[in-house]
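Observations on chain architecture
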Amino acid sequence: MSKMRVVQVSRPNGPFEIVEREIPAAGAGAVRIKVEACGICHSDTLTKTGSFPGIQYPRVPGHEAVGVVDAVGAGVAGWTVGQRVGVGWHGGHCGRCDNCRRGDFFACEVAHQITGISFDGGYGEYMIAPAVALARLPDGLTPVEAAPLMCAGLTTFNALRNSGARPGDVVAVLGLGGLGHLGVQYAVKMGFKTVAIARGKDKEPLAKKLGAWRYVDSQAQDPAVELSKLGGAKVVLATVTNGDAMSATMGGLGVRGTLMILGAPPSLTVSPFVLIAGQRSIQGWYSGTSIDSQDTLSYSVQTGVRSMNEVFPLERVNEAYERMMSGKARFRVVLTTGK
Ligand SMILES: [Zn+2]
Ligand SMILES: [Zn+2]
């Protein structure tokens with residue numbers, strides 16, 4: 001009864017190992033979660049490959065974890081056994097450093113915790129999470145529905161709502177994958193004239209089904225030209241990891257338009273003249289903290305935004321991860337524990 005199965009990685013580029021461990025106790029300031037579902041995010045490669053600086057092994061990946069509070073550690077206020085919760089990328093912060101005191105918890109310099117990297121994440125039957133990392137799950141979302149919203153949903157929702165775009169503005173979403181298919185839905189629900197940009201004519205029906213106002217096939221059309229015809233984009237939400245694809249949209253930004261970067265290509269070529277002439281800008285966006293996740297979940301219930309998911313049981317983690325890495329998943333991959 002006191003054992004659990006988790007999926008761990010023991011060394012950089014090591015295989016996923018399904019192991020039995022003692023179910024850990026919830027320490028001070030933390031809760032234990034009986035995990036029901038956990039999304040597989042491309043950032044889990046940081047744990048798999050060891051490319052995140054300072055990561056220690058063995059480590060259980062997973063920062064799109066959803067489940068039920070199963071035990072509450074000492075000093076935790078406001079959380080009780082039986083509550084449905086989610087845990088995302090942002091696993092904690094010190095609350096005392098200069099950045100934290102300015103409310104920029106994502107930039108904590110002292111104790112920035114990342115779920116599945118700094119501590120064990122959601123690829124398992126139980127996990128321990130700092131209470132500060134918890135988002136309350138609303139009724140109306142199943143664990144599988146909620147899991148991808150904890151990172152992919154949060155990242156796109158939070159970037160869009162902080163982008164400065166207003167209802168009626170042209171907002172382009174570059175890429176129609178795991179992030180992009182959510183980004184289009186949120187942009188539509190926020191009242192933007194939403195332009196989906198992806199490669200190939202075959203993605204147009206999906207873009208329209210998600211509510212996009214226009215579709216641009218970047219293989220057949222020049223995104224900058226097409227966006228300019230629409231008056232220029234207030235925001236281009238770049239969900240791809242291809243720097244050239246991002247660069248190709250910049251000429252389509254309107255005056256004071258912003259290229260919001262969510263995907264991380266190795267490099268990006270920019271025309272300083274384009275930036276100067278239109279007072280355009282490029283901005284990166286960090287996913288968000290636990291309250292941002294909670295807002296994402298709540299907004300998704302309110303507006304009906306959902307991720308399209310492929311679901312695998314925990315023991316098929318290898319297959320599930322390969323599916324994510326193949327880029328062929330439609331569109332997010334979610335592990336379930338059967339709990
Ligand atoms: Zn992620
Ligand atoms: Zn701090």
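Here, the structure is the one placed above.
Our subject in this report is the structure included herewith. (Residues numbered from 1 in each chain as written. Chains lettered and ligands numbered in written order. Predicted model: local features only at pLDDT ≥ 70, side-chain atom pairs only at ≥ 80, totals over all residues. Heavy atoms only, no water.)

Below, the discussion takes up the overall build of the chain. Each helix and strand in the chain was counted, giving eleven helices and 17 strands. A compact globule built from 339 residues would reach a C-alpha radius of gyration of about 20 Å, and the chain, at 20 Å, matches this within 12%. Each principal axis of the C-alpha distribution contributes one length, and for the chain these read about 65 × 45 × 40 Å. Of the contacts formed within the chain by residues at least 6 apart in sequence, a portion of 64% connects residues at least 24 apart. Total accessible area on the chain is roughly 14300 Å²; 51% of this is exposed by carbon and sulfur atoms. In the chain, which carries 34 positive and 27 negative side-chain charges, the distance between the mean positions of the two groups comes to 4 Å. (Helix = DSSP H or I, 4+ residues; strand = E, 2+ residues; numbered from the N terminus. Rg over C-alpha atoms; globule rule 2.2 N^0.38 Å. Contact = heavy atoms within 4.5 Å. Areas by Shrake-Rupley, 256 points an atom, 1.4 Å probe, with all protein chains shown as cover. Lys, Arg positive; Asp, Glu negative; His and termini not counted. Charge placed at Lys NZ, Arg CZ, Asp CG, Glu CD.)

Under the defined criterion, the tally for this structure stands at 16 salt bridges. Between Asp120 and Arg59 there is a salt bridge, with the nearest N and O atoms lying 2.9 Å from each other. Pair noted here: Asp120 is in the loop between strand E7 (113–114) and strand E8 (126–130) and Arg59 is in the loop between helix H1 (45–49) and strand E4 (65–72), with a separation of 61 residues, a long-range link. (Salt bridge = Lys/Arg side-chain N within 4 Å of Asp/Glu carboxyl O.)

Where burial is concerned, most of strand E14 (residues 253–261) is hidden: seven out of the nine residues are buried. Inspection of the sheet shows strand E13 (residues 233–238) paired to E14 by five bridges, in the parallel sense. Counted as the bridge partner of Ala238 is Ile261 from E14. Remark: the E13/helix H8 (residues 243–250)/E14 crossover connection has right-handed handedness. Where E14 and strand E15 (residues 281–284) come together, four bridges link them in parallel fashion. Note on E15: the bridge partner recorded for Met260 is Gln283. (Buried < 20%, exposed > 50% of the residue type's maximum accessible area, 1.4 Å probe, protein only. Pairing = 2+ DSSP bridges. Right-handed = clockwise from strand over helix to strand, strands pointing away.)

All right, on to the nonpolar core then. For soluble globular proteins, nonpolar side chains are generally found buried alongside one another. In terms of nonpolar packing, the biggest core is built from 40 residues, with Leu160, Leu176, Tyr186 and Leu297 touching the most fellow members. Among the elements of the structure, helix H4 (152–161), strand E10 (170–174), helix H5 (178–189), strand E11 (193–198), helix H6 (204–209), E13 and helix H10 (290–303) are those that each provide at least two residues to this core. Per-element accounting of this core gives the leading share, five residues, to H5. In this structure Leu297 touches Ala135, Arg136, Leu137, Pro138, Leu141, Ala146, Leu149 and Met150, once residues within four positions along its chain are discounted. Counting 35 residues, the second-largest nonpolar core is a separate cluster that includes Ile33, Ala133, Ala320 and Leu335. (Core = buried A, V, L, I, M, F, W, Y, C linked by side-chain atoms within 4.5 Å.)

For the rest of this paragraph, the subject is the coordination of the zinc ion (ligand 1). Coordination sphere of the zinc ion (ligand 1), protein contribution only: Cys41 (SG), His63 (NE2) and Cys151 (SG), at 2.0 to 2.2 Å. Donor residues binding the zinc ion (ligand 1) come from one chain and are separated in sequence as C-x21-H-x87-C. Placement of the pair is His63 in the loop between H1 and E4 and Cys151 in the loop between helix H3 (143–146) and H4, with a sequence separation of 88 residues. As far as the burial class goes, His63 and Cys151 line up, both buried. (Donors = N, O, S within 2.8 Å, 3.2 Å for Na, K, Ca; no water.)

Let us now look at unusual backbone geometry. Cis geometry marks the peptide bond from Tyr57 to Pro58; its omega dihedral reads -5 degrees. The topology assignment puts Pro58 in the loop between H1 and E4. Of the consecutive residues Arg330 and Phe331, the connecting peptide bond is found in the cis state with omega at -5 degrees. Unlike most non-glycine residues, Asn13 shows phi in positive territory, near 65 degrees.

What follows is about the environment of Asn158. Inspection of the secondary structure puts Asn158 in helix H4. Judged by its relative accessible area of 2%, Asn158 is buried. Considering only alpha carbons, one finds Asn158 and Arg5, 153 residues apart in sequence, at a separation of 33 Å. The contacts of Asn158, once residues within four sequence positions are left out, are Trp285, Tyr286, Ser287, Gly288 and Asp292. Here Arg161 takes part through its side chain, which lies 2.9 Å from a polar atom of the side chain of Asn158. (Polar contact = N/O pair within 3.5 Å; in protein donor to acceptor, adjacent residues only side chain to side chain.)

All of the protein donors around the zinc ion (ligand 2) are Cys94 (SG), Cys97 (SG), Cys100 (SG) and Cys108 (SG); their distances to the metal are 2.3 to 2.4 Å. Geometry at the zinc ion (ligand 2) is tetrahedral, judged from the four donor atoms that bind it and their angles of 104 to 119 degrees at the metal. Donor residues for the zinc ion (ligand 2), ordered by position in the chain, follow C-x2-C-x2-C-x7-C. (Tetrahedral: all angles 85-135°; square planar, octahedral: opposite > 155°, others 65-115°.)

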